[in-house]
Amino acid sequence: MNMVQSLNSALDVMLERDPKVLIFGEDVGYFGGVFRVTDKLQQKHGLKRCFDAPISESGIIATAIGMGAYGLRPVPEIQFADYILPAFDQLVSEAARLRYRSGGEFWAPITVRSPYGGGIFGGQTHSQSPEAIFAHITGLKTVIPSNPYDAKGLLIASIECDDPVIFLEPKRLYNGPFDGRHEQQVKSWAGHPDADVPDGYYTVPLGKAAVVREGEAVTMLAYGTMVHVALAGIQDSGVDAELIDLRSIVPLDIDTIIESVKKTGRCVILHEASRYGGFGGELSALVQERCFHWLEAPVERVAGWDTPYPHAFEWDYFPGPKRVATALKKAMQD
């Protein structure tokens, strides 16, 4: 399966498995979603389980919170993560706080799906990476898969979680792995080991990172599309880097990170979002705090620039393999 198909399969499995699960959002019903992730789910499961919503992100999330409080497990879709901000107050003031405010009487077991990130010439309003905003909010979990197998397992685990989950889907990975080499032919997931996705039910636990590549020289931390860019940068650099796919940034698998950095003594962090205030800053602080006596060089960060996401200069903004290789080599020189 490609990632679109694996996510569709996860939703199909949960609609069949749990009558409390339902899906709604802009164009997710009859049309099957802009990226076809909800394709044919309305035809199979009916209008009450998969339906279209008005163009009102705050209304979509407010409705989902109410559904969750009354015992359902809604999976609302925000069509692009860039447009999730009108619902930010609902997510922060209501969804993330409901269990605490009610003393455990109510909670919001909602999973908010949303495509995010660049690499598709979407410009400033269809390319942003807002994960750090949600990671800052106590009470929200933030999950970001990098391949079809993880995407299905993580989505099922998110839907079954009693906490509100922001599930960000790297849209550049929907139909194939992308290593940042935009000038080369587009790849598909066909034949990729992580595209071997079972048809039935399985989960990938939240808060458990994956070691994608073992290495001895430096630890590299990434998630989403940047996992594939990191692999390309490691190949170009010739550095024996250990690559960790975080898979979720909240909860964060800090133990796997510490174990790797203690082994390598160096760390490079990669994400697509703007550098200033990005989640890489939190990762850098955690590595510094937990691994100071093992670090042999300053922690390096590779990220997007502190500008709106440009359309004409997409590949100047996008953190590609060249910038990754440069950071890896610098980490080895210090």
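Up top is the structure.
So, a few notes on the structure that sits alongside this text. Computed from a prediction, not measured in an experiment: that's the story for all the values here.

**Here we look at the nonpolar core**
L7, L11, I23, M220, V268, L270 and L328 are the most contacted members of the largest nonpolar core, which totals 54 residues. Sort the elements by how many residues they give to this core and helix α1 (residues 3–17) lands first, with eight residues. Contact partners of M220, with chain neighbours within four places excluded, come to A230, I234, E242, L243, I244, V268, L270, V324 and L328. I61, I166, I258 and V287 belong to the second largest nonpolar core, which has 46 residues in total.

**Concerning the side chain of R73**
Residue placement: R73 occurs in strand β3 (residues 73–77). Taking relative accessible area as the criterion, R73 reaches 14% and is therefore assigned buried. Reaching out from R73, the side chain makes a polar contact with the side chain of D162 at a distance of 2.5 Å. Ignoring any residue separated from it by four or fewer positions in sequence, one finds R73 in contact with D18, K20, V21, L22, P109, I159, E160, C161 and D162.

**Considering the pattern of salt bridges**
Opposite charge on two side chains allows them to pair when their charged atoms are near. Applying the stated criterion across every chain yields a total of 21 salt bridges. The partner of K20 in a salt bridge is D18, with the nearest N and O atoms 3.2 Å apart. On the basis of relative accessible area, K20 is assigned to the partly exposed category, the value being 35%. Each of D179, R181, K187 and D236 takes part in one network of salt bridges that share partners.

**Regarding the pairing of strand β1 (residues 21–25)**
Along a regular strand, successive side chains alternate from one face of the sheet to the other. Most of β1 is tucked away: five of the five residues are buried. Neither face of β1 is exposed, since V21, I23 and G25 on one face and L22 and F24 on the opposite face are all buried. Strand direction decides the pairing type here: β1 and β3, joined by five bridges, are parallel. For V21, the partnering residue across the bridge sits in β3 and is R73. The sheet contact formed by β1 and strand β2 (residues 50–52) spans three bridges and is parallel. Paired with I23 across the bridge in β2 is C50.

**Considerations on helix α12 (residues 321–333)**
The first and last C-alpha atoms of α12 sit 18 Å apart over 13 residues, in line with the 18 Å expected at 1.5 Å per residue. Among the residues of α12, P321, V324, A325, A327, L328 and A331 are the ones counted as buried. What you see down the axis of α12 is that its buried residues fit within an arc of 160°, all on one side. α12 presents K322 and Q333 as exposed residues on the side facing more than 90 degrees away from its buried surface. Looking at the buried side of α12, the elements it contacts are β8 (218–222), α8 (226–237), β9 (241–245), β11 (267–274) and β12 (300–304).

Cut-offs used in this document
- Residues numbered from 1 in each chain as written.
- Predicted model: local features only at pLDDT ≥ 70, side-chain atom pairs only at ≥ 80, totals over all residues.
- Heavy atoms only, no water.
- Core = buried A, V, L, I, M, F, W, Y, C linked by side-chain atoms within 4.5 Å.
- Buried < 20%, exposed > 50% of the residue type's maximum accessible area, 1.4 Å probe, protein only.
- Helix = DSSP H or I, 4+ residues; strand = E, 2+ residues; numbered from the N terminus.
- Contact = heavy atoms within 4.5 Å.
- Polar contact = N/O pair within 3.5 Å; in protein donor to acceptor, adjacent residues only side chain to side chain.
- Salt bridge = Lys/Arg side-chain N within 4 Å of Asp/Glu carboxyl O.
- Pairing = 2+ DSSP bridges.
- Expected span 1.5 Å × (residues − 1).
- Arc of directions from axis to C-beta.

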